[in-house]
Every structure is written in structure tokens, then in C-alpha cells.
Amino acid sequence: MMSQLDVNPSVDVNPSVDVDLSVDLAGLRLGMPTMTCSGTCGYALEYAEFTDLSKLGAFVTKSITLHERPGNQPQRIVETRAGMLNAIGLANVGLARFLDEKVPLLETMPCPVIVNVAGHSVDDYVKTTAGVAGIACVRGIELNVSCPNVSDGLTFGTNPKLLKELIREVKGSVPDKPLIVKLSPNVEDISVTAEAAIAGGANALSLVNTFTAMSIDIYKRKPRLANVTGGLSGPAIKPIALAMVNRVYRRVARDAGVPLVGMGGVQTWQDAIEFVLAGASAVAIGTALFIDPSTPERISEGVAEYCRKSGSKSLAELVGKLEIPG
Amino acid sequence: MGETGRLGKSEMAMATTAGSSRGIYAARVVERVELCREHFRLRFAVPGLPASGPGQFLQVQCNGDVTARRGVQAGGEDSLGSDAGEGHEFDWDPSAGPMRRAGRAEASGRAGASGRLDPSDGLGRLGQTVGGSGSLGGLGGVGLGGSMGLDFDGPAAFLRRPFSIAGRMELDGVSHVDLIGREVGVGTRFLSRLGVGDEVSVLGPLGNRFRLPGANGIGLLVGGGVGIPPMIYLAQAIAELNRLEAGERPRRAIAFSGALTVDLLALTRTGNAPRPGPTDFDPRYNIGEFDAFGVPAVISTDDGSWGWKGFVTEALERYLDAWITDQADRQRAIIYTCGPEPMMKRVQEIAARRGIACQIAVERAMACGMGTCQSCCIRVKKPDPARPPMPGESWCYRLACTDGPVFSGDDLLW
């Protein structure tokens, strides 16, 4: 009984046909095409009671910074229609305590671990990346570049020149593991920052991060978030994220041979297939984990069934297979 | 790990016990009771729900994706739909592309999917001065009563809503839990419209528990508005512990519950009305929920429409000054509180001034309940080696969902 999966009951299905869902993420092999989005799944085993973490393609940690950060004052989140805003402020334990307290937990993670690194200067990023890059269980680094640079106030992720320089510096401290750069959607043309990231040495791109947004309490005439603005995530942003993934794929990533991790409102296997057809090699699930931490597993099941029913031997062969008329 | 207890696509009604592992469970409404003008109580059968204790909460999915399949036979094509999101893909064109989706009815819920924005949601939130502190309340929302500062944007609830467990029993080998809600937004509106037989997905039990009084101890259970439910569960737990210990130096409990007015009191009055006015703070066995566990209650209403006229905190103070005066009694007493934040702050002061231990179940805007979204932070006094202190400060943030919701009154800085 699989009504969720009945893509087309008229197609003869042989469930014994095995579908290869694995992903080659710039040399890192993922058994499943699903990752977690940084900041929605904790440091390590927070969801271990609620889902089978071995069914994940990769686990991406919360953003780690060089020093501890308490984060923003509450209120830090607001629910919106089909999504939510957050302004957590990169609350995290910092590199030293991450190494002491969280890495031992990550060593038991039954899937590849990718550490997300954030900073407010090139030096921050380099030091933090260098601090985690040598750990055996850390299989890749993802850079959160949606932070302002303390020296000039420019956001790394929205300034192509700054972004390229940052990635070039960081790549030097992680030469033998994939460096994934998480792109901000808050730019005029995301393919420009994508190009800059690749030019700087990014091995893969994940997109998109949250959209800058706000919510107002009309009775108090005040912003609902203490930080005034926050990042919008959830199904509300999926169609925009999808268009951005497709744009980056067609304009930059396909020809450069750089794999994309599609993220932004992914909640169902249909969402995942859309991202794959648009050009993503894998998808990452974020806000949906708050509602159901087993979402990635269900998505993988649905994706496999879609592949079987469409006669695809592997998910990889569907990447970028969007047919654009004309 | 995670193999049992979580809901698979087709196991909505078959979630099994997973030892002590928490997970996602199908909860079926077996009873719905209107408690007062605004509050309702839902009793859910939740097969396999792991052990829980007072103070803990459940994250309840309050939208049509997973729920409200009253009357739909298992085995029907749309009896699943446990995948959030499956019901709301409006942009699928079945005629396009190489494949067609089989036509089938959407399993979207009856309630909460009206697509209508109700401006009263926001007003309701501003005006929700439930509880003993009456006019002081408002902003903070109601204690784990499903609002948590989120419950106002429509048309459908996206995130789960946290609800304190208001009681728990095993009936015919199946766990049943009570949740009490008040319609303050799209999520609670959805919940309020559930009927017997409807199913929702619950995640939990989450959070820590109240520490029960020691042998011969005295528990003072101070609840305001939707902060009352965890006090009912606490009364139950204290009674059960006493029964377990078979009368050896039993604990005593007294409930103090407040509401703006009697029509908003989310409790069942069973007669023996106290004399109205600011004189009668004698505990009486006149509230069904507490009486069931042998716990007398002091009820206050701001307008004096039933019981003590004034704030519940004033009734508590009078009681303490009359009855819990010597050092020995203060030592064995614990004041428990949940409700509007100004009320809880006042209770914290009252306890601190008298040197009485105080445990506070806080409410905070919360998305996940599992320690990952980091949204439900609250300041505590003690620098905790496990939490980052603000540079140069003697406080740190802790999370209401995993470090709480119960905090010691000595630690909490809000």
C-alpha cells in the first residue's frame, strides 16, 4: 500500500530492480541523495531517537565559528505561511568545544559528516576550517558565507570578489576534502556568485540559504523578531530555490562539472525530484526536519520508487534532465 | 534506533512501543470536552507512547497533511498521506511530462485548511491575558498551550505546536494522554475542531520533568490559564507516588489555579463554591481534575466571579503566610508554576522571599522541541560549562525544549 508513491500505477513495476541513489559529491560518495541543512539538525545525534541517521546521505552540522556565540536575543523565530523566519545569530559552542564535545559524537555518526563553518573574517574561516579539516570522520566542509565581514561590513556571500578570495584562502586548509560553498539567494544574480565560488576553488555548491525577510506585529507595530529581520525557509521558498538551482546549473555548474546540492523548502520526494531535474545532484532537507526528522528517509524511498517507475537505473542519470521547450 | 515508534507511511495506527526511545506517534481522539468558553480538552489514545512525566510536552502536528481522517477506512488510497507536504502540491500538472499521477482525492484535512485569514488571531494573541495575573499577561502567550508565540499566521499551521501533557493513563493497555488547548490561532483552531476518531501526529514526550516533592513534602501547584494542564499531571504524579509508597509519609499537594473570570477557567467545577471575595483562600475539594487525585484547590478569578477575587499569586501568598510559616514547612515545600510569564515571575519572587524551592515550567516560541532550532532560548543565572556564556556576563542561554521546560526559580533570569 503505497499511495504516496503511486506515480503511475499503469507502469509495470518490478520492485526488485535496484535503483542506484548514490551521489558523487566532488569525490565524496553519498549512499543516499539526502543531506541535512546546517542549522536544522543540531551538532550530531540530536535526532538519533527520532530517525535512523544511517539512512541519510550526509549529515551537515550546525555552523561552527572560531569562538563561542550565545546567539541573538529571543524572539528568534516566527512562523509564516508555509514557512518560518529565523534569526538565531549563529549560536554555537565554538571550535574548541566542538572538538571536545561534539566530534566524539560525530565519530559515531552512521553516515558521512560535513562540518559547516562560518566566520566574520577570512582568518576566522581559515582557522576554523583548518581546525576541523584533519578529523577523520569529517568528510567535507561546507562554508556558510552569509555573514558580514567585520573588516568592511560586506557580506562574503553577496560580493563575488570577496567570496572568491575567501574560498581561495579556505581551500588551502582543506586541500583533500570537498569544499562545499552554500550560496546566499540574497543577490542580484546567483550565477555570478556561483561562478566566483567555483573560480575560488569550490568543489561543490549548495543552494540556497534563507531569504532575508521580516514579519511585523501590526498591533504592537514592531518586528516580531528581536533581530528585526531573519531568514525565510520552508516550502514558501521552494519554487524560488528551484529556479536558482536551475539557473546555476545551466549557466555555470554543468559546464564546470561542479555538483549542486539543492535546498530550500524540500519536504517531499516530489520536491527532491524537481531539484534533481533542475540540476541538483543531491538535496538537503532543513526546516522540514523540525516537523519530522525522518523526512530524508521518506524522500529517499519516494525517489527510489520514482526512479523504478520511470525506468531509471540511477538517480544520477536524472540530474539536469529538465526539458525546456523551444 | 528509530526502527520502531516512528510512523511509517502506512503505520499511522500501528505505532509500537520503542522502549524508552521517543518518536512520532499517531494519536487518536477518544474524547473531546469543552472546559469553558475557550478551553477544550482532548483525550488521545497514543499506542506505544514512551513513559512521560509532569512538565513534559508533546509536539502536535496541527495541519491537514497528517491528520483528520475521520471515517476514512484504512487501505483506501488516501488513507496514508503521512508525508507532510503530500497534500499541498498544487502545481502538479498530471498531463505534463512523461508520467501521470494517478487521480486520487487529496488527503488534506477538514480543518485548518480553510485558506481564510482570521484577523482575530492576532487580536486573540494580544488579548490572551489568561491566568491569574490577568491584566499583566498578554505578550508571552500561554504556557505550552500550543501558542508559543507562533500561532497566529495562516492559513495553515506549518510547524508543530507544543502542548504540556495534562494527564496520562493506561486504558486497556493503551496509553492515553490529555491535552488542553485554547483557540488562539490556526494551529489551535485546527486542534479545537478535531472530533472523536480523528488522528494527529504527536512527537515526544519532550523536555524535562518537575521534580516531585520528597516524602512528607508539600507541593503547591500554581497554574494560570493554559498553564494549568501540567499542574493536573503533576497532581496525578504526586498521588501515584504516594500510592506506590503505600501511605509512608505521603506528600500533600494543593492546587492554586487562576483565570480572568469563571467562564475562562479551564477546569471542571464540582460544587462547593467558595465564598466570593478576597477572604476565602481555603483549599476545597471542588475541582474535578484535582479532586480525582485527592488534591484540594484554591481558585481565583480576577473579577471575583468564582472563588478568591484577585490574582492567584495573591491567594498563594495569603495561603503561605497563613499555613507555610515555619522553617520546617518551608523546607519541605516546593512551589510549582506554569502560566503567563508575569505570573510566573511573581511566583518566583514569592518563593524566593520565603526561601521555598520553586520550579517553573516556561514557555518560549519553539519550532522543533528537540534542541535543534535553537529558538526557545531563555537566560539562566548559573554559568553552565555546557553552555556558552555571553562574554563578560554571568548568564547563559539554555533551551526550553531540552534543558527545560522546567527550570529552578533560583536559576531563571528570563
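A few points on the structure. For clarity, every value in this text was computed on a predicted model and none was experimentally measured.

Rules and cut-offs
- Residues numbered from 1 in each chain as written.
- Chains lettered and ligands numbered in written order.
- Predicted model: local features only at pLDDT ≥ 70, side-chain atom pairs only at ≥ 80, totals over all residues.
- Heavy atoms only, no water.
- Helix = DSSP H or I, 4+ residues; strand = E, 2+ residues; numbered from the N terminus.
- 1 Å grid on protein atoms, 1.4 Å probe; cavity = no way out; pocket = protein on both sides within 12 Å on 5 of 7 lines; lining within 4 Å.
- Points joined across faces, edges and corners; volume = space filled by probe spheres on them.
- Nonpolar A, V, L, I, M, F, W, Y, C, P; charged D, E, K, R; others polar.
- Contact = heavy atoms within 4.5 Å.
- Pairing = 2+ DSSP bridges.
- Axes fitted to C-alpha atoms, helices over the stretch in contact; angles between N-to-C directions.
- Patch = residues over 30% accessible without salt bridge, like charges linked within 9 Å, V, L, I, M, F, W, Y side chains within 5 Å.
- Areas by Shrake-Rupley, 256 points an atom, 1.4 Å probe, with all protein chains shown as cover.
- Salt bridge = Lys/Arg side-chain N within 4 Å of Asp/Glu carboxyl O.
- Buried < 20%, exposed > 50% of the residue type's maximum accessible area, 1.4 Å probe, protein only.
- Parallel < 35°, antiparallel > 145°, perpendicular 65-115°, else oblique.
- Phe/Tyr/Trp six-rings, centres within 6.5 Å; stacked < 30°, edge-to-face > 60°.

### Some details on unusual backbone geometry
Here comes step 1: The peptide bond linking Pro74 of chain A to Gln75 of chain A adopts the cis configuration, its omega dihedral lying at 10°.
Here comes step 2: Positionally, Gln75 of chain A belongs in the loop between β4 (59–60) and β5 (77–80).
Here comes step 3: In the segment running from Gly204 of chain B into Pro205 of chain B, the intervening peptide bond is cis, with an omega of -5°.
Here comes step 4: Positionally, Pro205 of chain B belongs in strand β7 (residues 199–206).
Here comes step 5: Within the chain, Ala82 of chain A stands out as a residue other than glycine whose phi angle is a positive 55°.
Here comes step 6: With respect to the helices and strands, Ala82 of chain A occurs in the loop between β5 and β6 (83–86).
Here comes step 7: Residue Asp172 of chain B is not a glycine yet carries a positive backbone phi of 50°.
Here comes step 8: With respect to the secondary-structure elements, Asp172 of chain B resides in the loop between β5 (168–171) and β6 (174–182).

### So, the layout of surface pockets
Residue and element names in this part refer to chain A.
Here comes step 1: Roughly 1000 Å³ of volume is contained in the largest pocket.
Here comes step 2: Contributions of two or more residues to the lining of the largest pocket are made by β6, β14 (229–233) and α7 (288–291).
Here comes step 3: Considering every element that reaches the lining of the largest pocket, the biggest residue donor is β14, with 4 residues.
Here comes step 4: Grouping the constituent residues of the lining of the largest pocket by class yields 16 nonpolar, 27 polar and 3 charged.

### Things to note about the environment of Leu221 of chain B
Residue and element names in this part refer to chain B.
Here comes step 1: With respect to the helices, strands and loops of the structure, Leu221 is situated in strand β8 (residues 218–224).
Here comes step 2: In sequence terms Leu221 and Ile334 are 113 residues apart; their C-alpha atoms lie 8.5 Å from each other.
Here comes step 3: Once you skip the residues sitting within four places of it in the chain, Leu221 turns out to touch Met231, Leu234, Ala235, Ile238, Ala253, Ile254, Ala255, Phe256 and Tyr336.

### Thoughts on the sheet that holds β8 of chain B
Residue and element names in this part refer to chain B.
Here comes step 1: Ordered by their spatial adjacency, 7 strands build an open sheet running β11-β10-β9-β8-β12-β13-β16, and the pairing between neighbours is mixed. A strand with exactly one partner marks an edge of an open sheet, and here the two such strands are β11 (308–309) and β16 (406–408).
Here comes step 2: Where β8 lies against strand β12 (residues 333–338), 6 bridges are found, and the strand directions are parallel. Considered in β12, the bridge of Leu220 is made with Ile335.
Here comes step 3: Strands β8, β9 (252–259) and β12 of the sheet are contacted by helix α3 (residues 229–244), whose axis makes an angle of about 160° with β8.
Here comes step 4: Lying over the sheet, helix α7 (residues 341–354) contacts β8, β12 and β13 (357–361), oriented at roughly 170° with respect to β12.

### Here's the deal with a nonpolar patch on the surface
All names here are of chain A.
Here comes step 1: Together, Met214, Ile216, Ile218, Tyr219 and Val228 make up a nonpolar patch on the protein surface, roughly 460 Å² of accessible area in all.
Here comes step 2: Along the chain, Ile216 falls in strand β12 (residues 216–217).
Here comes step 3: In this structure Ile216 comes out as partly exposed when scored by relative accessible area, which is 47%.

### A word on the packing of helix α1 (residues 94–106) of chain A against helix α2 (residues 122–133) of chain A
Residue and element names in this part refer to chain A.
Here comes step 1: The interhelical angle for the contact between α1 and α2, taken along N-to-C directions, is 10°, at an axis separation of 10 Å. By the criterion of interaxial angle, the relationship of α1 to α2 is roughly parallel. Across from Leu95, Phe98 and Leu99 in α1, the residues of α2 making contact are Lys127, Thr128, Gly131 and Val132.
Here comes step 2: Grouping the constituent residues of the contact of α1 with α2 by class yields 4 nonpolar, 2 polar and 1 charged.

### Describing the pairing of strand β10 (residues 297–301) of chain B
Residue and element names in this part refer to chain B.
Here comes step 1: Of all 5 residues in β10, 5 are buried, a share of seventy percent or more.
Here comes step 2: Burial of the side chains of β10 extends over both faces: Ala297, Ile299 and Thr301 are buried on one face and Val298 and Ser300 on the other.
Here comes step 3: Here 5 bridges tie β9 to β10, and the two strands are oriented parallel to one another. When the sheet's bridge partners are listed, Phe256 is paired in β10 with Val298.

### Here we look at the packing of aromatic side chains
All names here are of chain B.
Here comes step 1: Going through the model one piece at a time under the given rule, you end up with 6 aromatic pairs over all chains.
Here comes step 2: Aromatic pair Phe210 and Tyr336: ring centres 5.4 Å apart, planes at 85°, arrangement edge-to-face. Here Tyr336 lies in strand β12 and Phe210 lies in the loop between β7 and β8, a separation of 126 residues in the sequence.
Here comes step 3: Judged by centre distance (5.0 Å) and plane angle (70°), the rings of Trp395 and Tyr397 are edge-to-face. The pair formed by Trp395 and Tyr397 is uniform in burial state, with each residue classed as buried.

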